[in-house]
Each structure stands twice: as C-alpha cells, then as structure tokens.
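The chain contents come next:
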Amino acid sequence: MICTQVTKTLAIGDNQPLALIGGPCVIESEDFTLKMAAEIRKVCDRLNISFIFKSSFDKANRTDVSSFRGQKLDEGLRILQRVKDEIGVPVLTDVHESTQAAPVAEVVDILQIPAFLCRQTDLLLAAAATGRTVNVKKGQFLAPWDMKNVVKKLEAGGAKNNILLTERGTSFGYNTLVVDFRSLPQLRELGYPVVFDATHSVQMPGGKGQTSGGQREFVPCLARAATAIGVDALFMEIHENPEVALSDGPNMVPLHELENILRQILAIRTALNSTTGVRLM
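Remember, it's a predicted structure, so these values are computed and weren't measured experimentally. (Residues numbered from 1 in each chain as written. Predicted model: local features only at pLDDT ≥ 70, side-chain atom pairs only at ≥ 80, totals over all residues. Heavy atoms only, no water.)

Caption draft 1: Here's a closer look at the overall build of the chain. Looking only at helices and strands, the chain has 8 helices and 15 strands in total. Computed over C-alpha atoms, the radius of gyration of the chain comes to 17 Å, within 12% of the 19 Å expected from 2.2 N^0.38 for 281 residues, which places it in the range of a compact globule. Across its three principal directions, the C-alpha atoms of the chain cover 55 × 45 × 40 Å. Here the chain holds 281 residues, and the buried ones make up 55% of them. Put simply, of all contacts in the chain between residues at least 6 apart along the chain, 69% involve residues at least 24 apart. Accessible area for the chain stands at about 11,800 Å²; split by element, carbon and sulfur atoms hold 50% of it. The centroid of the 30 positive side-chain charges in the chain is displaced by 4 Å from the centroid of its 31 negative side-chain charges. (Helix = DSSP H or I, 4+ residues; strand = E, 2+ residues; numbered from the N terminus. Rg over C-alpha atoms; globule rule 2.2 N^0.38 Å. Buried < 20%, exposed > 50% of the residue type's maximum accessible area, 1.4 Å probe, protein only. Contact = heavy atoms within 4.5 Å. Areas by Shrake-Rupley, 256 points an atom, 1.4 Å probe, with all protein chains shown as cover. Lys, Arg positive; Asp, Glu negative; His and termini not counted. Charge placed at Lys NZ, Arg CZ, Asp CG, Glu CD.)

Caption draft 2: Representation of the packing of aromatic side chains within the structure. One pass over the structure, following the stated rule, counts 2 aromatic pairs. Look at F51 and F53: their rings are 6.4 Å apart centre to centre, the planes differ by 85 degrees, and that puts the pair in the edge-to-face class. Its relative accessible area of 6% is what places F51 among the buried residues. Judged by its relative accessible area of 0%, F53 falls in the buried class. Their ring planes at 45 degrees and their centres at 5.8 Å tell us that F181 and F196 sit as a pair that is tilted. On the criterion of sequence distance, the pair formed by F181 in the loop between β10 (177-178) and α6 (183-188) and F196 in strand β11 (residues 194-197) is long-range, its members being 15 residues apart. The ring of F235 carries K137 above its face, with NZ or CZ at 3.9 Å from the centroid. (Phe/Tyr/Trp six-rings, centres within 6.5 Å; stacked < 30°, edge-to-face > 60°. Lys NZ or Arg CZ within 6 Å of the ring centre and 35° of its normal.)

Caption draft 3: Broad picture of the side chain of N162. Along the polypeptide, N162 turns up in the loop between α5 (147-156) and β8 (163-167). At 3.2 Å, the side chain of N162 and the backbone oxygen of G131 are in polar contact. If we ignore the near neighbours within four places in the chain, the residues touching N162 are T4, G131, R132, T133 and V134. (Polar contact = N/O pair within 3.5 Å; in protein donor to acceptor, adjacent residues only side chain to side chain.)

Caption draft 4: Structural context of the pairing of β11. Where burial is concerned, the two faces of β11 agree: the one with V194 and F196 and the one with V195 and D197 are both buried. Of the pairings in the sheet, the one linking β8 to β11 comprises 3 bridges and is parallel in character. Bridge assignment links T166 to a residue of β11, and that residue is V195. Strand direction decides the pairing type here: β11 and strand β14 (residues 233-239), joined by 3 bridges, are parallel. Its bridge partner lying in β14, F196 is registered against L234. (Pairing = 2+ DSSP bridges.)

Caption draft 5: Representation of the pattern of salt bridges. Tallied over the entire structure, the rule returns 18 salt bridges. Overlapping salt bridges, with partners in common, bring together E30, E75, R78, R82 and E86 in one network. (Salt bridge = Lys/Arg side-chain N within 4 Å of Asp/Glu carboxyl O.)

Caption draft 6: Main features of unusual backbone geometry. Phi at N15 takes a positive value of approximately 60 degrees, unusual for a residue other than glycine. Position of N15 among the secondary structure elements: in the loop between β2 (11-13) and β3 (19-23). At N48, a residue that is not glycine, the phi angle is positive and equals roughly 60 degrees. Considering the arrangement of structural elements, one finds N48 in the loop between α1 (30-47) and β4 (50-54).

Caption draft 7: Main features of the nonpolar core. L20, I40, V136, F196, L234, M236 and I238 are the most contacted members of the largest nonpolar core, which totals 67 residues. In terms of residues, this core owes the most to one element, α1, which gives 8 residues. Once residues lying within four places of it in the same chain are set aside, the contact partners of I40 are L20, G22, G23, F51, I238, L255 and L258. Core analysis: the next-biggest nonpolar cluster, separate from the first, contains 12 residues, L10, I12, V195 and F235 among them. (Core = buried A, V, L, I, M, F, W, Y, C linked by side-chain atoms within 4.5 Å.)

Listed below in structure tokens is the structure:
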C-alpha cells in the first residue's frame, strides 16, 4: 500500500480522501494568512476534502532581487503556528537551506523542497532527518524516473514512509512549462503518493521580465486531467485577489472559484471509483 501519514489524523495515499495542499504563495501578512486559511478550510470542510495549508515564509527564488520575498524565518513560523493552533489544519512551507530544516520542522507538518533544489543533497538529508513528511517537487529539468535518486537520498537520510512527490511541469523552451501526464503513474512507481501542482504547472517562469507570468485559466483543465489519471493530492496556490498578490498572482486560483473547481475534481474521482476495474490512485 502506498500511503504517507502526515499527522495522526491525516494520511495521503491509497484508500484516503483527496487532499488539497493550498494557500497563498507567500505569507503577505498575518491577518491575511489567517483569513485565507480559514476560508479555504470552510470550502474543504463542505466537500470533505483533507486540507493542508501552504504558504512560504520566504520566496528565495524570486526572479528579481527587489521582489517581495515574505517574512523572516521566526516571524513566518510564528504565523504558521497560529494557523495550526487557531484554524486547526496541518501546514506546509518551503525550506531553501539545510540550516532551516530543523527549526521549520518544529512548527510545520510537511517540509517542501522547491523544484530547483530537488537535487541538493544536504538539503534533502537535513529535511529527512527531521522526521517530518517531506514533499519534493520534481525539478522542471528532470524526467520522472530521475526522481528515484532524490528518493534514495531521502531514504538515506531517514525518511521512509513520509515522502510525497509532486509534479509541477517540465521546461519547454523559454518561459514555458508543459505537463507530461505520463509522469504521474511513473512517479508513483517509486513507491510514494503523488501530488499534482496545478498552479505552478501553468506558470511562465520569468515570462514578464522581472516576474513570472502564468495562465491561471488552464488550472481547472490540468487539475481535471490529473484527477482522471489518478493523484493522491492536489496542490493549488489560492488567493482572494490574485491580481494584487505579492507573488505568483498570474497562476493562482481566485478563492471564489475554488469550490467549483474542487466539485468538478470530486465528480471525476467518484465516477472513476464507481467504474469496475479502474483503480484510482
């Protein structure tokens, strides 16, 4: 059985409900972060979807040096702790340096390794050593089968049944990503649950010169396709008003559209689960 136990009450994988990893790209402010977590949870509660709140305390990979990056480590973790305590949901955030892993793991339930850093051995080993679930985004430059080496590093660091693998698109020429949906079952053959990142897959890296562009209108299409193939969780960055977001606005899902998208996803899962002989991841 392929399954990752994130918390005592939340697992991702075989025979588990669909999970949503979602939230604003970056912690813009304390009040806004708490508001978004609460609103997304309401949607997921109505639909019986497991919810993990995502927001980055620091975006160390912004295109331009002057772009908004987020909060300092201590302040970001304090806000994420409030999300856990007051909204009552697990949280996920990125780590960019090996020295961040241990302090971040004291607060969050899932440490996320950004795609550009997925081969950084010291970072992977440090994240694995925390004992927390580690979600690794497949590099835009990697084939799905190349992720076996990433998995081996995590396992060598002590991670066994607490790994998630995320597909987030593959570089296709300049400023463009495409999704090869064959990668979803290929990633799952490595023995761990698979997440589909529907919002970064429509990103146009550096596409606006000093910031990345995106085509958020295609998020529902890709999310539905990934669901039809079979995934254990969906990753979506979500914002109340993406047009004024401080990071990744062009590819984020507007909050008011989230429930309709998720209802479509659940309808697809229900249809597949009711079809004899179809195994839905």
